[in-house]
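Here is what each chain is made of, one letter per residue.
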Amino acid sequence: MRKFILLAISALIPAIMSAQAQITTKDEKIKDFPEKTTRIVLSGNEFFDASLKEEIRARWTISPFEFCTLPEFNELKESSDYYFLIPLKSRFRKESEPGIEMLSLIKGGKEAQKGIGNMLELVSIPVRAAKYPSGREFIFLPALIDIIQEHVMHELDRDLNAYSSLSSRCSGIMESDDMRIVFAREDLSEEITPEIERVYFTGGITAVDTQLADDFMLKNVPNTLVSYTVYPQDPVTGSYCYKMLIDAGTHELFYFRKHRINRKTGPGFLVEDIMRITADRFRDEMR
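Note that the structure is predicted; figures quoted are calculated from it, not measured.

Chemist: Just give me the short version of the environment of M119, but keep the residues and values in it.
Modeler: Mapped onto the elements of the fold, M119 is located in the loop between β4 (100-107) and β5 (120-129). For M119, a relative accessible area of 6% gives the class buried. Beyond its immediate chain neighbours, meaning those up to four positions away, M119 contacts F73, K77, F84, I106, K107, G108, E111 and A112.

Put into structure tokens, the structure is as follows:
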């Protein structure tokens, strides 16, 4: 009997090894990205699409690209010959309708038969509210496109990088002590009282009117981080708020976090965000 069991196990080993050999990791799946054409899917919104076309033509350098419509995307999405950069409206579980719009870079393939959510995602970044966006997305779109490209190149650089996220790579905030940080007031939550500002908004950290903050980004002012938040126009409990600090000069993403909105925690940078962002600066002052 023992001999029979050993023989059975021996017979199974090649099948098991064969099954394991067929597992394809994410880094293997995306290594063809630079050679494949990326289809830039237009949203159907005339103003956003015009801006997206302009910025892609000016900035996209990591792969060949072509523009396509949503119907064309639906025809091509099952083809592994293409990657797609597509605006997607996201609805979280407790939301009755999509709250925010993301720019998602995904790979075509048979998985698309089960829905876009099953397609291989390289990176997604929040762009604007899905309904009644503020218009700030047009100012930050160049930076968001550059952030997507930089993240993809990071994913392609080493095998394990393929599984990294935007938030996991934003340790740069700990090295921003000598940089100015400019918060648009509309990006701050109600938790940020005048008392909090007096304590934490020192040494090059300021809160200003949104137009002034956006001017830093428009003028590509060096050595300056500018805030940008994305959340639904009418958030409900269970909606998410995304918070970013972006280098106006280089478009490097220095801070990226999200939190769930509820009755106690509204949209915008929270006190805990401000404490994270300023932690090293306060340590330096105490030395």
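There is more to say after this.
Chemist: Help me get a handle on the sheet that holds strand β9 (residues 240-247), residues and values and all.
Modeler: Strand order in the open sheet formed by five strands is β7-β6-β8-β9-β10, and the pairing between neighbours is mixed. Every interior strand has two partners, whereas the edge strands, β7 (205-208) and β10 (253-260), have only one. Between one strand axis and the next, the sheet turns through 20° on average, direction left out of account. Examined bridge by bridge, strand β8 (residues 224-230) and β9 share six bridges and lie antiparallel to one another. For T229, the partnering residue across the bridge sits in β9 and is K243.

Chemist: Just give me the short version of the pattern of salt bridges, but keep the residues and values in it.
Modeler: Tallying each qualifying case throughout the model produces 17 salt bridges. Note that K36 is salt-bridged to D32, the shortest N-O span being 3.2 Å. Measuring nitrogen to oxygen at the nearest pair gives 3.8 Å for the salt bridge that ties R59 to E55. With R59 and E55 both in helix α3 (residues 46-59) and four residues apart, this pair spans about one turn of that helix. Overall, R59 belongs to the partly exposed group, its relative accessible area being 26%. Overall, the relative accessible area of 13% leaves E55 in the buried class. Connected through shared salt-bridge partners, D32, K36, D81 and K107 make up one network.

Chemist: Kindly report on the packing of aromatic side chains, identifying the contributing residues and their values.
Modeler: On inspection of all chains with the given rule, the structure shows eleven aromatic pairs. These aromatic residues form a ring-pair network of at least three members: F183, F201, Y255 and F269. Over the face of the ring belonging to Y240 we find K258, whose NZ or CZ atom lies 4.7 Å from the ring centre.

Chemist: Describe in detail the nonpolar core, supporting the description with residues and values.
Modeler: Within the largest apolar cluster, 46 residues are counted, with the highest numbers of intra-cluster contacts made by M244 and I246. Considering each element in turn, this core owes the most residues, eight residues, to helix α5 (residues 137-157). Grouped together as the second largest cluster of nonpolar side chains are 19 residues, M179, L188, F254 and I277 included.

Chemist: How would you sum up the sheet that holds strand β2 (residues 65-68)? Please name residues and give values.
Modeler: Spatial strand order, β2-β1-β3-β4-β5: five strands in an open sheet with mixed pairing. With one partner strand each, in any of the chains shown, β2 and β5 form the two edges of the open sheet. Each strand of the sheet is rotated relative to its neighbour by a mean of 25°, with strand direction disregarded. Pairing of β4 with β5, which is carried by eight bridges, proceeds in the antiparallel orientation. Following the sheet pairing, S104 is matched in β5 by S124.

What counts and how
Residues numbered from 1 in each chain as written. Predicted model: local features only at pLDDT ≥ 70, side-chain atom pairs only at ≥ 80, totals over all residues. Heavy atoms only, no water. Helix = DSSP H or I, 4+ residues; strand = E, 2+ residues; numbered from the N terminus. Buried < 20%, exposed > 50% of the residue type's maximum accessible area, 1.4 Å probe, protein only. Contact = heavy atoms within 4.5 Å. Pairing = 2+ DSSP bridges. Axes fitted to C-alpha atoms, helices over the stretch in contact; angles between N-to-C directions. Salt bridge = Lys/Arg side-chain N within 4 Å of Asp/Glu carboxyl O. Phe/Tyr/Trp six-rings, centres within 6.5 Å; stacked < 30°, edge-to-face > 60°. Lys NZ or Arg CZ within 6 Å of the ring centre and 35° of its normal. Core = buried A, V, L, I, M, F, W, Y, C linked by side-chain atoms within 4.5 Å.

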